[in-house]
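Here is how the chains run, residue by residue.
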Amino acid sequence: MELKNAVVVVTGANRGLGRHLAAQLVERGAKVYATARRPETVDLPGVIPLQLDVTDEESVRAAARTASDATLLVNNAGILTETPLVAGDPDAVRLEMETNFFGPLAVTRAFAPVIEGNGGGAVLNVLSALSWLHPAGLGAYAAAKTAAWALTDATREELAPRGIAVSALHVAYMDTDMAASVPANQKTDPAGVAAQALDGIEAGLPEILADEVTRYVKQSLTASPDAA
């Protein structure tokens, strides 16, 4: 997909990876709707701030009405509560699933007919190495991202006949607020991740693996699990 002159909606674009994606899309010649729950927190030059809460269906529908010229959707918005599945707060588990799975699903459902009506385009879902690796302490996040991986694969098949390509970006820890407690030497530069993601969209890649950790985890999927 050619990004020059594309019309892109980036969720969670006020900080972190989303902010880098929005900024680099502008540099590549795209028109960018930079969404956030509080659009006044979007301070990037050249973008159109847009209110969007992925957990609020009316907010999602309103955003789709406003960004009616969209040709590319980037489902980036997400949260990390560091909640285990058994001992953790069930409300936090539900919040992770609502934000990291049902949120991208709702936004994709709202924007698919918009993108199709504009001649087709693409969807990029920002996923994680934890789509495949499931540490106990991050059980809620891993479960939600695994579900989002299935969402990506299923909607890729469903939307292809409508002229919409669906790609997944898998990445481990990045140097963003979400990973503030992680040592710096274990984190990837989000600007570089954003560049890889956009290159992948332009190349039509269904899956973009942004760092060595993620590539190692993906390669390990065929290994036998440790004995209990």
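Structure first, text after, so check above.
Given the structure is predicted, the values throughout are model-derived calculations rather than measurements.

## Regarding the environment of valine 114
(1) Moving on: Structurally, the position occupied by valine 114 is in helix H3 (residues 90-117).
(2) Moving on: Sequence-wise, valine 114 and threonine 146 are 32 residues apart; in three dimensions their C-alpha atoms are separated by 26 Å.
(3) Moving on: Beyond its immediate stretch of four places on either side in the chain, valine 114 contacts Ala64, Ala67, Ser68, Asp69 and Ala70.

## With respect to the sheet that holds strand S2 (residues 31-36)
(1) Moving on: With parallel pairing, seven strands are arranged side by side in an open sheet as S3-S2-S1-S4-S5-S6-S7. Of all strands in the sheet, those with a lone pairing partner are strand S3 (48-51) and strand S7 (207-209), marking the two edges. Here the average twist between neighbouring strands, direction ignored, is 20°.
(2) Moving on: H3 rests against strand S1 (7-10), strand S4 (72-75), strand S5 (121-126) and strand S6 (164-170) of the sheet, and its axis sits at about 175° to S4.
(3) Moving on: Sheet strands touched by helix H4 (residues 139-159): S5, S6 and S7. Its angle to S6, the strand with the most contacts, is close to 160°.

## Remarks on the nonpolar core
(1) Moving on: Formed by 31 residues in total, the largest nonpolar core has its most connected members in Val8, Val10, Leu17, Leu21, Leu25, Val74 and Leu169.
(2) Moving on: Breaking this core down by element, the ones donating at least two residues are S1, helix H1 (16-27), S2, S4, S5 and helix H5 (190-203).
(3) Moving on: A per-element tally of this core places H5 first, with five residues.
(4) Moving on: Excluding its chain neighbours within four sequence positions, the residues that come into contact with valine 74 are Val8, Val9, Val10, Thr11, Leu21, Leu124 and Val126.
(5) Moving on: Judged by nonpolar contacts, the second largest core, of 23 residues, contains Val7, Ala67, Val107 and Ile115.

## Section: the environment of histidine 170
(1) Moving on: You can see histidine 170 is positioned in strand S6.
(2) Moving on: According to the relative accessible area criterion, histidine 170 is buried, its value standing at 0%.
(3) Moving on: On a C-alpha basis, the gap between histidine 170 and valine 32 in space is 22 Å, while along the polypeptide they are 138 residues apart.
(4) Moving on: With residues near it in sequence (within four places) discarded, histidine 170 still touches Leu127, Ser128, Ser131, Trp132, Trp149, Glu207, Ile208, Leu209, Ala210 and Thr214.

## A word on the packing of aromatic side chains
(1) Moving on: Inspection of the entire model under this criterion finds two aromatic pairs.
(2) Moving on: An angle of 70° between the planes, with centres 4.8 Å apart, marks the rings of phenylalanine 101 and phenylalanine 102 as edge-to-face.
(3) Moving on: What makes phenylalanine 101 buried here is its relative accessible area of 17%.
(4) Moving on: With centroids separated by 5.6 Å and ring planes inclined at 85°, the aromatic side chains of tryptophan 132 and tryptophan 149 adopt a geometry described as edge-to-face. Taken as a pair, tryptophan 132 in the loop between S5 and H4 and tryptophan 149 in helix H4 lie far apart in primary sequence, 17 residues in all.

About the thresholds
- Residues numbered from 1 in each chain as written.
- Predicted model: local features only at pLDDT ≥ 70, side-chain atom pairs only at ≥ 80, totals over all residues.
- Heavy atoms only, no water.
- Helix = DSSP H or I, 4+ residues; strand = E, 2+ residues; numbered from the N terminus.
- Contact = heavy atoms within 4.5 Å.
- Pairing = 2+ DSSP bridges.
- Axes fitted to C-alpha atoms, helices over the stretch in contact; angles between N-to-C directions.
- Core = buried A, V, L, I, M, F, W, Y, C linked by side-chain atoms within 4.5 Å.
- Buried < 20%, exposed > 50% of the residue type's maximum accessible area, 1.4 Å probe, protein only.
- Phe/Tyr/Trp six-rings, centres within 6.5 Å; stacked < 30°, edge-to-face > 60°.

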